[in-house]
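So you can see what is in the structure, the chains are spelled out below.
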Amino acid sequence: MSSTAPPTGSAQLRADCGRCFGLCCVVPAFARSTDFAIDKPAGRACPNLGPDHRCGIHTELRQRGFPGCTVFDCFGAGQQVAQVTFGGRDWRDAPETLPAMAEAFAVLRPLHELLWYVTEALALHPPADLRDELTRARAETTALTEGDPRHLRTVDVAAHRDRVNPLLSRASDAVRSPGGADHRGAHLPGVDLRRADLRRANLRGALLIGADLRGVDLGLADVTGADLRGADLRGADLRSTLFLHQSQLDAARGDVRTGLPATRTRPAHWTALPLTPVRRSSPSTSSAGRRRRR
């Protein structure tokens, strides 16, 4: 195993497919659905994966029935497994390593996601005491990612995440204070939210599949873990939305008027057509309905 410790800067918490062995195309299982055109068992390479570990239909994934592939983000765990945990040893050259690689990937992917959230929280400039706690949490999480395959099997990811998540919530609360509407875990699939006031709202874990958010101001709203698949973000203002990661945008719909943070990229499949005039939000919104805990 390489002795080089993995860096934790934001650039290293993004997928670098050129340094991976196509693990996201091998390790997970997926079932034929609107997200995937075929069934694939866990641990078997997708038939679209080439011998160079590149997807043979990468530029046509949506058109060929694989939109689920376009929104997956390993947060850099793929290259971590390939280049650090296994020191550049390719599973194609050593097939016996694939089960251990799959186990390592299953641990490192959520740890890298957690590192991304902690890094985002630190960028919010929280109070000094909370900043110290977040800094320690980042160091502890990084240390967990540095183990060899045997050590990684012993990591209790859920327990560690339960210790860190309250810090992320505190960082969010500090920035959003006074907070807006509380829709944590709300089930709002397909709901028209164009007149909802979602500024500074708590949308952690909210189910917003297909929700109509056209023209909505999501300034300082916390969207940690919010499901935005198919959500209509045309003309919405997300420039200061908290904990918004790229795969959430990739799963949603938007246009040229959708306001994005400087560190996010406008998805290629978003329409280039502008939105009709934006509606102004009202100060209240409908009941969030049933809720689910995150």
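Read on for a plain summary of the structure. (Residues numbered from 1 in each chain as written. Predicted model: local features only at pLDDT ≥ 70, side-chain atom pairs only at ≥ 80, totals over all residues. Heavy atoms only, no water.)

Assigned secondary structure in the protein consists of seven helices and zero strands. Tracing the protein from N to C terminus, the helices and strands come up as α-α-α-α-α-α-α. Counting all 294 residues of the protein, 47% fall into the buried class. Excluding contacts between residues fewer than 6 apart, the proportion of contacts in the protein whose partners are at least 24 apart in sequence is 49%. (Helix = DSSP H or I, 4+ residues; strand = E, 2+ residues; numbered from the N terminus. Buried < 20%, exposed > 50% of the residue type's maximum accessible area, 1.4 Å probe, protein only. Contact = heavy atoms within 4.5 Å.)

Pairing is possible between side chains of opposite charge, provided their charged atoms come close. On inspection of all chains with the given rule, the structure shows 18 salt bridges. A salt bridge links Asp-237 to Arg-239; the nearest nitrogen and oxygen atoms lie 2.8 Å apart. For Arg-239, a relative accessible area of 57% translates into the label exposed. Several salt bridges share partner residues, and in doing so they unite Asp-192, Arg-194, Asp-212, Arg-214, Asp-232, Arg-234 and Arg-253 into one network. (Salt bridge = Lys/Arg side-chain N within 4 Å of Asp/Glu carboxyl O.)

Relative placement of two packed helices is described by the angle separating their axes and the distance separating the axes. Contact geometry for helix 2 (residues 77-85) and helix 3 (residues 98-122): axes closest at 8 Å, N-to-C directions at 130°. Here helix 2 is positioned oblique relative to helix 3, judged by the angle of their axes. Handedness of the crossing formed by helix 2 with helix 3: right-handed. Within the contact between the two elements, helix 2 uses Ala-77, Gly-78, Gln-80, Val-81 and Thr-85 and helix 3 uses Met-101, Ala-104, Phe-105, Leu-108, Arg-109 and His-112. (Axes fitted to C-alpha atoms, helices over the stretch in contact; angles between N-to-C directions. Parallel < 35°, antiparallel > 145°, perpendicular 65-115°, else oblique. Left-handed = near helix turned anticlockwise from the far one by under 90°.)

Counting buried positions along helix 2 gives eight out of nine residues, so the element sits mostly inside the fold. Residues of helix 2 that are buried include every one of Ala-77, Gly-78, Gln-79, Gln-80, Val-81, Ala-82, Val-84 and Thr-85, and no others. Tucked inside the fold, the buried residues of helix 2 contact helix 3, helix 4 (128-145) and helix 5 (149-152). Of the residues flanking the end of helix 2, it is Gly-87, one or two places downstream, whose phi is positive at about 55°.

All right, on to the nonpolar core then. Core analysis: the biggest nonpolar cluster contains 26 residues, and Leu-193, Leu-198, Leu-208 and Leu-213 have the highest contact counts within it. Ranked by size, the runner-up nonpolar core spans 23 residues in total, among them Leu-23, Cys-74, Ala-82 and Val-157. (Core = buried A, V, L, I, M, F, W, Y, C linked by side-chain atoms within 4.5 Å.)

Here the focus is unusual backbone geometry. A negative phi holds for most residues other than glycine; trans holds for most peptide bonds. That bond from Ser-177 to Pro-178 is cis: its omega, -5°, falls within 30 degrees of zero. Summarising the element assignment, Pro-178 is placed in the loop between helix 6 (157-176) and helix 7 (246-251). Positive phi values are uncommon outside glycine, yet His-125 reaches one of about 55°. On the secondary structure map, His-125 appears in the loop between helix 3 and helix 4. Despite not being glycine, Leu-220 shows a phi value in the positive range, around 60°.

All told, the structure shown has four aromatic pairs when counted by the stated rule. Taking 4.2 Å as the distance between ring centres and 10° as the angle between the ring planes, the aromatic pair formed by Phe-30 and Phe-36 counts as stacked. Just as Phe-30 is buried, Phe-36 falls in that class too. Centre to centre, the rings of Trp-116 and Tyr-117 are 5.0 Å apart; their planes meet at 85°, and the pair counts as edge-to-face. For the pair Trp-116 and Tyr-117, a shared accessibility class is recorded, and that class is buried. (Phe/Tyr/Trp six-rings, centres within 6.5 Å; stacked < 30°, edge-to-face > 60°.)

Now for the environment of Thr-142. Within the secondary structure, Thr-142 is located in helix 4. As for Thr-142 and Leu-108, which are separated by 34 residues in sequence, their C-alpha atoms are 10.0 Å apart.

Further remarks concern the environment of Ala-174. The topology assignment puts Ala-174 in helix 6. Taking C-alpha positions, Ala-174 is 6.9 Å from Pro-126, a pair spaced 48 residues apart along the chain.

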